[in-house]
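Coordinate analysis (summary)
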Amino acid sequence: MASQDHTLNCLLPLLIIIIISSFHVLPVSPTPSNKLESAIIPIRKLNRRGTYIGLVTVIETEEDAFLRSVDFRADPTHPYLDLSGRRFRIGKIHEKKVVYVRCGRGMVNAAAVTQQMIDVFNVKGIVHFGIAGNMNNSMSIGDVSIPKQITNAGLWDWLNPNNAKGGEDVASLDIGNYNIPQGDGNNELGSLRYGQEQLYSVTGHINSPQNVFWINTTQEWLHLAADLEKMELSQCVNASLCLPNKPKLVVGLKAATANIFVDNAAYRNFLYDTFGVSSSDMESSAVAMTCASNGYPIIVIRGLSDLAGVGGDNTVHKFGSLAATNTAKAVLEFIKKLPLS
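For clarity, every value in this text was computed on a predicted model and none was experimentally measured.

Focus on the overall build of the chain
In terms of helices and strands, the chain carries 8 helices and 20 strands. Considering the chain as a whole, with its 341 residues, one finds that 45% of them fall into the buried category. For the chain, contacts bridging at least 24 residues in sequence account for 76% of all contacts bridging at least 6. In the structure as shown, the chain presents an accessible area of about 17,700 Å², 53% of it carried by carbon and sulfur atoms.

Now the structure itself:
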């Protein structure tokens, strides 16, 4: 009993301090929910005006080319909304209402901003655009690809070297096949097996995802884009730096996405030979997957800035702005073809 009284006597001052502290009200700093609440009224006003075309690009180079190339007229009342550290620009292009945002590099950024745009704004679909690496020797720097299918080429099982190959995976990359000289010694890296995404969709059964390797872009929007293959694209960065051939736009190829900058010719050839992909980037499949999950139309427009494994980052710095400009031109022409809301 004495020990219990001693314990209570020791705890009593601490309890008093806790009770007194609970009465002190600290100044409330804005929380994410507070900031979203302050944006609710303008969001409601914007959404009452009808549907918007959602525009999602990735990096500043692409944004600069886009805003420089298009006739973007900011909304006079609410030209932008800042949400989650990003600026969503609201306005019109060719009398079509648009919401534009730069998501930042990588699949997490791309998926997060696409879901946010779908949840917050009354969008009819998403136009995703930017630059990409070229995987296809029949394509060139400055060309623009509008793919019909996109895969997540970064979903791997990295196998134990002693594991048997095969199984239900889509394809495998045996790293030992790339030994130089070939077959010299043991390669402990083993091999990679490419897996499938799990697509949860509003059109599917609850908690029963569909295993998919390819995500399709929207067929109706691809048909609209088909005429863009006739459009004129820029050939020169400036008066002294031009491409040897006039760039072209191609609709209906395939693309790969992973959180990897591909600057390796052997891996480029593997991706093209195995999956038939013509371009590689770090965001497109995440945007397409998010749209497919929510049942929204999606089109992807990517300008080729480099041939993976040839020139690498230097080529991107040299021709990235040209690829971004050609991409912006293609986006503008596609927006023209979409019907008014």
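A closer look at the nonpolar core
One finds Phe88, Met117, Phe121 and Ile126 to be the most contacted residues of the largest nonpolar core, which totals 34 residues. Per-element tally for this core: the top contributor is helix α4 (residues 107-120), with 6 residues. For phenylalanine 121, the contacting residues outside a window of four places in its chain are Leu46, Asn47, Leu81, Leu83, Phe88, Ile90, Val99 and Gln116.

A few points about unusual backbone geometry
The phi angle of most residues is negative, glycine excepted, and most peptide bonds adopt the trans form. At serine 84, a residue that is not glycine, the phi angle is positive and equals roughly 55 degrees. As for its position among the elements, serine 84 is in the loop between β3 (80-83) and β4 (86-93). Even without glycine at this site, asparagine 207 takes up a positive phi of about 60 degrees. Summarising the element assignment, asparagine 207 is placed in the loop between β12 (197-199) and β13 (210-212).

Structural notes on the sheet that holds strand β11 (residues 191-194)
One open sheet holds the 3 strands; their spatial order is β9-β11-β10, and the pairing between them is antiparallel. The sheet is open, and its two borders are formed by β9 (156-159) and β10 (171-174), each paired with just one other strand. Averaged over all adjacent pairs, the angle separating strand axes in this sheet is 20 degrees, with direction ignored. By the bridge criterion, 4 bridges tie β10 to β11 in an arrangement that is antiparallel. By the bridge assignment, alanine 171 is partnered in β11 with tyrosine 194.

What to know about the state of the cysteines
Using the criterion set out here, one finds 1 disulfide in the structure. Each disulfide pairs two cysteine sulfurs, and for cysteine 236 the partner residue is cysteine 242, the sulfurs being separated by 1.9 Å. Given an S-S torsion of about 105 degrees, the disulfide between cysteine 236 and cysteine 242 has right-handed geometry.

Some points on the packing of aromatic side chains
Counted under the stated rule, the structure contains 13 aromatic pairs. Seen in terms of ring centroids, phenylalanine 213 and tryptophan 214 are 5.3 Å apart; in terms of plane orientation they differ by 90 degrees. Their pairing is edge-to-face. Overall, phenylalanine 213 belongs to the buried group, its relative accessible area being 9%. By way of ring pairs, the aromatic residues Trp156, Trp158, Tyr194, Phe213, Trp214, Tyr267, Phe270 and Phe275 are connected into one cluster.

Observations regarding the packing of α4 against helix α7 (residues 284-294)
The interhelical angle for the contact between α4 and α7, taken along N-to-C directions, is 35 degrees, at an axis separation of 8 Å. Here the hand of the crossing between α4 and α7 comes out right-handed. Counting all contacts with α4, which are made through Met107, Ala110, Ala111, Thr114, Gln115 and Ile118, the residues of α7 involved are Ser285, Ala286, Val287, Thr290, Cys291 and Asn294. Residues of the contact of α4 with α7, tallied by class, amount to 7 nonpolar, 5 polar and no charged.

Notes on helix α6 (residues 265-275)
Every buried residue of α6 is accounted for by Tyr267, Arg268, Phe270, Leu271 and Phe275. One face of α6 carries all of its buried residues, which in axial projection span an arc of 160 degrees. N-cap assignment for α6: the residue whose side-chain oxygen lies 3.1 Å from the backbone N of alanine 266 is asparagine 264. In the stretch just after α6, glycine 276 is the one whose phi turns positive, near 70 degrees.

Let's talk about the pairing of β4
Summarising the sheet, strand β2 (residues 72-74) and β4 pair through 3 bridges and their orientation is antiparallel. From the neighbouring strand, alanine 74 faces β4, where its bridge partner is glycine 91. The pairing of β3 with β4 spans 4 bridges and is classified as antiparallel. For leucine 81, the partnering residue across the bridge sits in β4 and is phenylalanine 88. Taking the residues that link successive antiparallel strands as the turn, the β3-β4 hairpin has 2 residues, and the phi of serine 84 there is positive, at about 55 degrees. Two elements, β4 and strand β5 (residues 96-102), share 5 bridges in a ladder whose sense is antiparallel. Considered in β5, the bridge of isoleucine 93 is made with lysine 96. Linkage of β4 to β5, two consecutive antiparallel strands, is achieved through a turn of 2 residues, within which histidine 94 is found at a positive phi near 55 degrees.

Focus on the environment of tryptophan 214
Among the structural elements, tryptophan 214 can be located in strand β14 (residues 214-216). Residue tryptophan 214 is classed as partly exposed on the basis of its relative accessible area of 22%. Not counting the four nearest positions on each side in its chain, tryptophan 214 is found in contact with Gln149, Ile150, Thr151, Lys254, Ala255, Phe275 and Val277.

Some points on the pattern of salt bridges
Throughout the structure, instances matching the rule amount to 10 salt bridges. Residue arginine 49 is joined to aspartate 75 by a salt bridge in which the shortest nitrogen-to-oxygen separation is 2.4 Å. In this pair, arginine 49 sits in the loop between α2 (32-47) and β1 (52-57) while aspartate 75 sits in the loop between β2 and β3, placing the two residues 26 residues apart along the sequence. For arginine 49, a relative accessible area of 37% puts it in the partly exposed group. The class for aspartate 75 is buried, based on a relative accessible area of 12%. For arginine 302, the salt bridge goes to aspartate 281, with nearest N and O atoms at 3.5 Å. Of the two residues, arginine 302 sits in strand β20 (residues 298-307) while aspartate 281 sits in strand β19 (residues 279-281), which places them 21 residues apart along the sequence. The class for arginine 302 is buried, based on a relative accessible area of 1%. Given a relative accessible area of 5%, aspartate 281 falls into the buried group. Each of Asp281, Glu283 and Arg302 takes part in one network of salt bridges that share partners.

Scoring rules and cut-offs
- Residues numbered from 1 in each chain as written.
- Predicted model: local features only at pLDDT ≥ 70, side-chain atom pairs only at ≥ 80, totals over all residues.
- Heavy atoms only, no water.
- Helix = DSSP H or I, 4+ residues; strand = E, 2+ residues; numbered from the N terminus.
- Buried < 20%, exposed > 50% of the residue type's maximum accessible area, 1.4 Å probe, protein only.
- Contact = heavy atoms within 4.5 Å.
- Areas by Shrake-Rupley, 256 points an atom, 1.4 Å probe, with all protein chains shown as cover.
- Core = buried A, V, L, I, M, F, W, Y, C linked by side-chain atoms within 4.5 Å.
- Pairing = 2+ DSSP bridges.
- Axes fitted to C-alpha atoms, helices over the stretch in contact; angles between N-to-C directions.
- Disulfide = S-S within 2.5 Å.
- Phe/Tyr/Trp six-rings, centres within 6.5 Å; stacked < 30°, edge-to-face > 60°.
- Left-handed = near helix turned anticlockwise from the far one by under 90°.
- Nonpolar A, V, L, I, M, F, W, Y, C, P; charged D, E, K, R; others polar.
- Arc of directions from axis to C-beta.
- Polar contact = N/O pair within 3.5 Å; in protein donor to acceptor, adjacent residues only side chain to side chain.
- Salt bridge = Lys/Arg side-chain N within 4 Å of Asp/Glu carboxyl O.

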